[in-house]
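Read off the chains here:
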Amino acid sequence: MNTTVQRNMSLAGEPPVALNFLQKLAVIVGMFGLGVLLLAIFNVNFPNKTLWLTLSLSSLIFGVLLFSYGAYNNKHAGIKNDAVWFKSISSRGFLAWLLGIALTGFYIVLYFYPQYLGLRTEGSNVGLIGLFDPLSTLLSGNPASQWFVYGTLYTVAILAFGIKFLWKYRHNRYEVLRTISVMFFQLSFAFIIPELMARLNNSEAYNIPYYDLKNIWPLSYYNFDQYRVDGFISSGDIGLALLIFGIVSILIITPILTYFYGKRWYCSWVCGCGGLAETSGDSFRHLSDKSLKAWKIERWLVHSVLVFSVLMTVAVVHSYLNYDASKYWLNKDAFLISVAVFLGVLFAVIWYFKRDELQKDAQYGAIGYLGIILGLIAIHYFSGSNIFIFNPETLRKTYSFFIGSIFSGVIGTGFYPILGNRVWCRFGCPMAAILGLQQRLFSKFRITTNGGQCISCGNCSTYCEMGIDVRAYAQKGENIIRASCVGCGICSAVCPRGVLKLENESPKGRINSDAVLLGNDVDLLDLIKQNK
Amino acid sequence: MKHIAIIGNGIAGITAARHIRKLSNYKITIISAESKYFFSRTALMYVYMGHMKFEHTQPYENWFWEKNNIALKEGFVTKVDTDKNTLVFKDGSTLSYDNLIIASGSKPNKFGWPGQDLKGVQGLYSKQDLELLEVNAPNNKACKKAIIVGGGLIGIELAEMLRTREIPVTFLVRDKDFWGSVLPSGDANLISKHIKTHHIDLRLETELKEIIGDENGRVKSVITSKGEEIECNLVGLTAGVSPAVAFLKNSSIETGKGVKVNKYLETNIPNVYAIGDCAQQLEPTGLRNPVEAVWYTGRMMGEVVAQTICGNKTAYNPGVWFNSAKFFDIEYQTYGWVWAKPKDYEAHFSWEVPNGEKRITLAYHKNTNAILGVNTFGIRLNHKTFDSWISEEKNIDYVIEHLEKANFDPEFYHSHFSAIKKAFKEQLKTDKNCI
Ligand SMILES: Cc1cc2nc3c(=O)[nH]c(=O)nc-3n(C[C@H](O)[C@H](O)[C@H](O)COP(=O)(O)OP(=O)(O)OC[C@H]3O[C@@H](n4cnc5c(N)ncnc54)[C@H](O)[C@@H]3O)c2cc1C
Ligand code: SF4
Ligand code: SF4
């Protein structure tokens, strides 16, 4: 509506989007923390690194907390979306673009030019990375790397903005518990435990690769790379256990938990990418694209990434396996055949039980993709040549560049303020694709709608970070069973009429696409049902 | 091919069109003077508050209508010529139809207050009203004070809207408590208290007497029934709505308060139907009002009239009444009937969380103990469960005993049901002691 668009130009003034005193103070405090990091990047040498790093990180955290206090302290417990679409930062305004560009720039430097952050292969680190050396040495005994800096800032972001989120949704226990959970998993599994594990490596007997236990293949596409597998195998029982855990995570734990709880157990309770999206990215969740077109793109893109990641992993693993089973128990042929059989059986099961639930394009897609994978495996197997049709190393590099760095980092997080906070999770994450397929087909999870109570207001759709048009289902009284739903629960929270409820109930009657709205005469309901 | 013209693209008209499209390939034209595309009126407040942009209030993407072969026409119908089956528009153009569905909705009530047409005095119903509000009350510098007249659901929404821009609000309410004509006093009192915690100057048992303008014809102040003069820059008139049927006055379609219709939503003219806010039932169902101005009834009438038009003559026969609203932070749902002044056969049981932000009131029959209805505040209840309990006339003891079956709160929420059960048993005890 033009009044909303033109408001910024009108002289009449604007709705209150200004910051209050506490919030202004908070911005100054936070800027100080950020300023220290910036100065470090520009090689200002801080005399006492431990002190300055502590100062910087605590002002960042304190700044966010003070800001939240200023924002929510005087408000009742309840939904706090006032002026979301008026504020520059949360409505793709000038500040949003500025932040987007800054974040994107940071990711590019981080991934491709870590030397500018002060990473040194010889001698001690300088600059920003140097500033983090004391903390890294404290935890793992090693100097910092760009990944350690990133991991620390990532964890700080999830914790600080996590507390902000807890404050914002203090009336909603589902949101509170879920957020405590992602904060816990980030701090312990992603941050502290791997650093402590690295300490084990000080002993000759261990050579464990960096392992964030909750980071499951194919999200951690590198988990079965040769250097890692060799590392695991050469680290005794612990190493072997970790390797087995990595396989069990995706093949056993994931399907079981997803059956009972839907993909949310991972995407919005455990995962680090999800954790960042839900906390730091919360102010951008409404920016997701809800159009039907976006949904189409999502389905093709995310499943293509999945196929790509499977293919890449198979090629990489295959490349380092031997023909005989002297080094690895598994040989090349056995591996390829078992992958082909596994995928074939999986496909057959889905086709047999769930074909009717798949839309036409999903059916074509599934057949097409299976064909590609099996075809490639077959070509390789029968041609007997040593190389997979693509060079595995090239595949691995391409994947890690385009998917691992550009998609998940630069676009996925850098573009939060422009495209919304779940772009990676929705369009790119192969783990989300697997979980989503299962959630759609074999799970108890669904969002139930409350009879005829929906007033089609659109709050649910607007605030769905996955771009699901929740209202489209709710206003027809249909349950929402969408592969992409991460179960964040926000649609249910913002609904002013209490229409939506996330539930794990018996899979029977989960999909109720011929439901009609409650409230009318029963005979009419029957009639409408028959006409369908 | 039969041509169905629908006046009004609100929930009633749109539902009718969608269902007719499902059942037939008739030609359908939807007419509106308000906006080309259907939007959700109930969401207007969220646009002003910045929760949503206007486009988010549109439940269907713009391509939907063409894809489903539903024509949209913008224009105001000034005359319905039922002899020639023709509509005449303000710009002089005409449109002929075979069947006409009138779904023209409501307009805000104005009770002839002196000064009611001054600048800065407005209702909140249409998209244009929202745009006007953006002009009248963009912020608390241009609008230093707002007066809201009429303690209904739209009034409280307007109050909440203005408060998000930190505009001081005085709220004039005729009853002893907010919405006291609909809610039993305990329920109404809970809401009144909550309104005050949101820094609203709530004036109960106070009415509007006069609106005073300045030399430019802009509102300057109001005078209340208590003789007080309050300066203000905005007066929100939210004392209810009534059917928007003025354009039918010179037609042969019979109107009273609204367009008069029988059970089949047929007017006195064959092939002309009326649904939604603008319809006035000649034989209302059960205890319902002849004019039902809520979202849900508009939708249900749309479903029904589509059946009739497509050859399955069907009566509008709604089931158990339900409704919902949100008063600032407190969600409200109701199923069945809980009367503000209990009927002589009606008993109430209420329970409230000590801090006063959650409450439930159950109405049941004094003699048969059958459940009659429920009001709930801050606790979500399952529509389906209560719908069947009420229509099956379940015993109140059964309902209290099984209340958690009707829980619709999000997972991990504190359950209050055992506390409610306990309170109910205690009340029974004291009741017995009295006897
Ligand atoms: C701010 C607000 C909040 C509300 N909240 C709720 C709620 O929470 N729950 C609830 O149940 N109800 C709520 N309501 C009431 C609900 O919105 C209405 O009951 C419902 O929208 C009525 O739908 P309708 O299709 O009958 O008419 P309308 O939605 O009013 O649609 C009628 C349309 O017809 C057009 N029209 C009328 N006459 C002509 C003509 N002569 N020519 C051309 N076009 C014409 C009008 O411009 C309008 O666009 C709310 C109403 C408002 C204003
Ligand atoms: S549908 Fe609801 S729970 Fe699922 S992702 Fe969207 S907002 Fe979250
Ligand atoms: S937020 Fe609730 S009432 Fe609004 S459209 Fe979504 S389900 Fe319906």
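Residues numbered from 1 in each chain as written. Chains lettered and ligands numbered in written order. Predicted model: local features only at pLDDT ≥ 70, side-chain atom pairs only at ≥ 80, totals over all residues. Heavy atoms only, no water.

Looking at an unreviewed UniProt entry, chain B carries the name NAD(P)H-nitrite reductase, with the source organism given as Galbibacter orientalis DSM 19592. Recorded in UniProt under Cofactor (unreviewed entry), the annotation for chain B is "FAD". Regarding chain B, the relevant UniProt record gives this comment under Sequence similarities (unreviewed entry): "Belongs to the FAD-dependent oxidoreductase family." (UniProt positions renumbered as here; feature names shortened; annotations may be inferred.)

The name given to chain A in an unreviewed UniProt entry is 4Fe-4S ferredoxin-type domain-containing protein, and the organism recorded there is Galbibacter orientalis DSM 19592.

Q: Account for the site of ligand 1, naming residues and giving values.
A: Of all residues adjacent to ligand 1, which total 32 residues, the nearest are Arg497(A), Glu34(B), Val77(B), Tyr125(B) and Asp277(B). Residues near ligand 1 are shared among chains A and B, making this a multi-chain site. Contact distances for ligand 1 include 2.9 Å between an oxygen atom and a backbone N or O atom of Ala12(B). A distance of 2.5 Å separates an oxygen atom of ligand 1 from a polar atom in the side chain of Tyr125(B). Its free accessible area being 1,000 Å², ligand 1 has 94% of it covered by the protein chains. Every element with two or more residues in the shell around ligand 1 is listed here: helix H1 (11-23), helix H5 (153-163) and helix H7 (295-309) of chain B. (Near = heavy atom within 4 Å. Polar contact = N/O pair within 3.5 Å; in protein donor to acceptor, adjacent residues only side chain to side chain. Areas by Shrake-Rupley, 256 points an atom, 1.4 Å probe, with all protein chains shown as cover. Helix = DSSP H or I, 4+ residues; strand = E, 2+ residues; numbered from the N terminus.)

Q: If you had to explain the UniProt feature "domain: FAD/NAD(P)-binding" (unreviewed entry) in chain B to someone new, which residues and values would you point to?
A: Taking the UniProt record as the reference, the feature "domain: FAD/NAD(P)-binding" (unreviewed entry) is found at residues 3-282 of chain B. As annotated, residues 3-282 of chain B comprises 20% helix and 28% strand, and the C-alpha atoms at either end are separated by 27 Å.

Q: If you had to explain the confidence of the model for chain B to someone new, which residues and values would you point to?
A: Note that predicted coordinates carrying low pLDDT should not be read in detail. Per-residue pLDDT for chain B has a mean of 96; in total, 99% of the residues score no lower than 70. With a pTM of 0.94, the predicted complex shows an ipTM of 0.96. (pLDDT = per-residue confidence, 0-100.)

Q: For the packing of aromatic side chains, give the residues involved together with the corresponding values.
A: The final tally for this structure, using the stated rule, is 54 aromatic pairs over all chains. Here Tyr107(A) and Tyr150(A) contribute two aromatic rings whose centre-to-centre distance is 5.6 Å and whose plane-to-plane angle is 80°, an arrangement assigned as edge-to-face. Taken together, the residues Tyr107(A) in helix H4 (residues 94-112) and Tyr150(A) in helix H6 (residues 146-168) connect sequence positions 43 residues apart. Between the aromatic rings of Phe178(B) and Phe327(B), the centroid separation amounts to 5.6 Å while the plane-to-plane angle is 80°, which identifies the pairing as edge-to-face. Of this pair, Phe178(B) sits in the loop between strand E11 (169-172) and helix H6 (185-197) while Phe327(B) sits in strand E21 (residues 322-327), and the two are 149 residues apart along the sequence. Take Phe178(B) and Phe327(B): they sit in the same class, and that class is buried. Among the aromatic residues, ring-to-ring pairing joins Phe106(A), Tyr107(A), Tyr111(A), Phe112(A), Trp147(A), Tyr150(A), Tyr154(A), Phe401(A) and Phe402(A) into one connected group. The ring centre of Trp295(A) lies 4.9 Å from the NZ or CZ of Arg299(A), which sits over that ring. Sitting over the face of the ring of Phe54(B), Lys127(B) holds its NZ or CZ atom 4.8 Å from the ring centroid. (Phe/Tyr/Trp six-rings, centres within 6.5 Å; stacked < 30°, edge-to-face > 60°. Buried < 20%, exposed > 50% of the residue type's maximum accessible area, 1.4 Å probe, protein only. Lys NZ or Arg CZ within 6 Å of the ring centre and 35° of its normal.)

Q: Go over the pattern of salt bridges, please, and point to the residues and values.
A: Evaluation of the coordinates by the stated rule reveals 30 salt bridges over all chains. One salt bridge in this structure joins Glu175(A) and Arg178(A), with 2.5 Å as the shortest N-O distance. With Glu175(A) and Arg178(A) both in helix H7 (residues 173-200), this residue pair falls three residues apart, about one helical turn. As far as burial versus exposure is concerned, Glu175(A) and Arg178(A) are alike and both buried. Note that Glu266(B) and Lys313(B) form a salt bridge whose closest N and O atoms lie 3.3 Å from each other. On the criterion of sequence distance, the pair formed by Glu266(B) in the loop between strand E18 (259-261) and strand E19 (272-274) and Lys313(B) in the loop between H7 and E21 is long-range, its members being 47 residues apart. (Salt bridge = Lys/Arg side-chain N within 4 Å of Asp/Glu carboxyl O.)

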